Amino acid sequence: MVRKIFSILMGILLCFSIASCGIAKKDITRAETQKVQDKVLQKPAEKPKEKVSNTVNKTVYTNTENLDNTLYSWGLRVLPNHQTPEITSRAMELIKKYDAIFVGDTTKKVVYLTFDEGYENGYTPKILDILKENNVKAAFFVTGPYVKEQSDLVKRMVEEGHIVGNHTVNHPSLPTLSDEKVKKEITKLGDMFEELTGKKMKYFRPPKGEYSERTLYITKSLGYRTVFWSLAMADWQPLPGGPEESYNTVMKRLHPGAVILLHAVSKDNALALDRIIKSIKAEGYEFKTLDDIP
């Protein structure tokens, strides 16, 4: 009888031991699981990798490392009979991609008069007088020294209804500069102009006509529209034929939608300007501004 009771007690103890081991094992498993979960929760979330974007934005730019920085010099092939000049397929591709300008409305007899002002050579006051007398509005692309040294002329341009465009502070070849230096050349001049006049610039002309896809992208991202030209000549230096050459070149190359570039430092241009304007109007053309180009 005693032996039977002992056997029963041993069986009960064995069952209790097995059950306890199972519970302990289960508790250990739960503890380990909780520990792993806590570790996962405490681990900082990985920051998603930023996507490199080359999409043009009007206010900011992000990354230009994948953009072509081949330096191009603006050029065109003059055609006879007042046809629109030809540009390369690559130039046309970039013009369209970055909403730049080299012509206006080529379906109508309209023209757009622009001047580059690297420095003052004494002819701008006369040019402004002629524009006012002929009721023509133009665009003047100025540099840093010009804004600083010719502030009265810049203010007069604005007061008389002309557009004042950005031609950079120091007139460098932009494709040779870093992103930050390109940005500084453009934004610093814009700040100078705004401080002087209270107005913002919105048009940009690349110094020397040199550009790349990268610089067009940066310019666009800063809120500027790049303006090239479809009619110009080597008038930053005295023309061999004087004022007559200036006049004849413009009239011979005139075409619907022409964006005319004249350098205000040219005495020849200053002397020919009144005749040029009157002859263009006599040919049935109307003077428009860059603001009229969609």
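Everything that follows concerns the structure shown earlier in this document.
To keep things clear, this report deals only with the structure shown in the data block. (Residues numbered from 1 in each chain as written. Predicted model: local features only at pLDDT ≥ 70, side-chain atom pairs only at ≥ 80, totals over all residues. Heavy atoms only, no water.)

Notes on a positive patch on the surface
At step 1: On the surface, a cluster of positive charge is contributed by Lys148, Lys181, Lys184 and Lys188.
At step 2: Among the elements that take part in the positive patch, helix α6 (residues 179–197) stands out by supplying three residues, more than any other.
At step 3: Checked against the element boundaries, Lys188 lands in helix α6. (Patch = residues over 30% accessible without salt bridge, like charges linked within 9 Å, V, L, I, M, F, W, Y side chains within 5 Å. Areas by Shrake-Rupley, 256 points an atom, 1.4 Å probe, with all protein chains shown as cover. Salt bridge = Lys/Arg side-chain N within 4 Å of Asp/Glu carboxyl O. Lys, Arg positive; Asp, Glu negative; His and termini not counted. Charge placed at Lys NZ, Arg CZ, Asp CG, Glu CD. Helix = DSSP H or I, 4+ residues; strand = E, 2+ residues; numbered from the N terminus.)

Some details on α6
At step 1: Here α6 spans 27 Å end to end across 19 residues, near enough to the 27 Å set by a 1.5 Å rise per residue.
At step 2: Among the structural elements, β3 (139–142), α4 (144–149), α5 (151–159), β4 (163–166), β5 (203–204) and α7 (213–221) are those in contact with the buried residues of α6.
At step 3: Positive backbone phi, approximately 80°, marks Gly198, located one or two places after α6. (Expected span 1.5 Å × (residues − 1). Contact = heavy atoms within 4.5 Å.)

Focus on the pairing of strand β8 (residues 258–263)
At step 1: Burial runs high along β8: six of the six residues are buried.
At step 2: Covered by surrounding structure in β8 are Ala258, Ile260 and Leu262 together with Val259, Leu261 and His263, the residues of both alternating faces.
At step 3: Relative to β8, strand β2 (residues 110–117) runs parallel, the two being bridged by six bridges. Note on β8: the bridge partner recorded for Phe115 is Leu262. (Buried < 20%, exposed > 50% of the residue type's maximum accessible area, 1.4 Å probe, protein only. Pairing = 2+ DSSP bridges.)

Looking at the pattern of salt bridges
Where charged atoms from two side chains of opposite charge come close, those side chains can pair.
At step 1: Per the stated rule, a full pass over the model turns up 16 salt bridges.
At step 2: A salt bridge links Glu213 to Lys97, with the nearest nitrogen and oxygen atoms 2.7 Å apart. Residue Glu213 is found in helix α7, and its partner Lys97 is found in helix α2 (residues 89–97); the two are separated by 116 residues along the sequence.
At step 3: Of the charged contacts, one joins Glu160 and Arg156 as a salt bridge, the two residues approaching to 2.7 Å between their closest N and O atoms.

Things to note about the packing of helix α8 (residues 242–253) against helix α9 (residues 267–282)
At step 1: Axis separation between α8 and α9 bottoms out at 8 Å; the angle between their running directions is 35°. Here the hand of the crossing between α8 and α9 comes out right-handed. Packed against α8, whose contacting residues are Gly242, Pro243, Glu244, Ser246, Tyr247, Val250 and Met251, the element α9 presents Asp268, Asn269, Leu271, Ala272, Arg275, Ile276, Ser279 and Ile280 at the interface.
At step 2: Here the contact of α8 with α9 is composed, by residue class, of eight nonpolar, four polar and three charged. (Axes fitted to C-alpha atoms, helices over the stretch in contact; angles between N-to-C directions. Left-handed = near helix turned anticlockwise from the far one by under 90°. Nonpolar A, V, L, I, M, F, W, Y, C, P; charged D, E, K, R; others polar.)

What to know about the nonpolar core
At step 1: By size, the foremost hydrophobic cluster in this structure holds 77 residues, and its most contacted members are Leu113, Phe115, Ile260 and Ile280.
At step 2: Tallying contributions element by element places α9 first for this core, with six residues.
At step 3: The contacts of Ile280, once residues within four sequence positions are left out, are Val111, Val250, Met251, Leu254, Ile260, Tyr285 and Phe287. (Core = buried A, V, L, I, M, F, W, Y, C linked by side-chain atoms within 4.5 Å.)

Comments concerning the environment of Val265
At step 1: Note on placement: Val265 falls in the loop between β8 and α9.
At step 2: Dropping the residues within four chain positions of it, Val265 is found in contact with Tyr119, Asn121, Tyr123 and Trp236.

Some remarks on the pairing of β4
At step 1: The alternating pattern of β4 places Ile163 and Gly165 and Val164 and Asn166 on opposite faces, both of which are buried.
At step 2: Pairing geometry for β3 and β4, over four bridges, is parallel. Paired with Phe141 across the two strands is Gly165, which belongs to β4.

Let's talk about the packing of aromatic side chains
At step 1: Following the criterion strictly, the structure yields eight aromatic pairs and no others.
At step 2: Note on Trp74 and Tyr211: the rings are 6.2 Å apart at their centroids and 55° apart in plane angle, and the pair reads as tilted. Of this pair, Trp74 sits in the loop between β1 (72–73) and α2 while Tyr211 sits in strand β6 (residues 210–211), and the two are 137 residues apart along the sequence.
At step 3: With relative accessibility at 4%, the residue Tyr211 sits in the buried group.
At step 4: Among the aromatic residues, those joined into a ring-pair cluster are Tyr72, Trp74, Phe102, Tyr211, Phe228 and Trp229.
At step 5: Taking NZ or CZ as reference, Arg275 lies 3.6 Å from the ring centre of Tyr247, over its face. (Phe/Tyr/Trp six-rings, centres within 6.5 Å; stacked < 30°, edge-to-face > 60°. Lys NZ or Arg CZ within 6 Å of the ring centre and 35° of its normal.)

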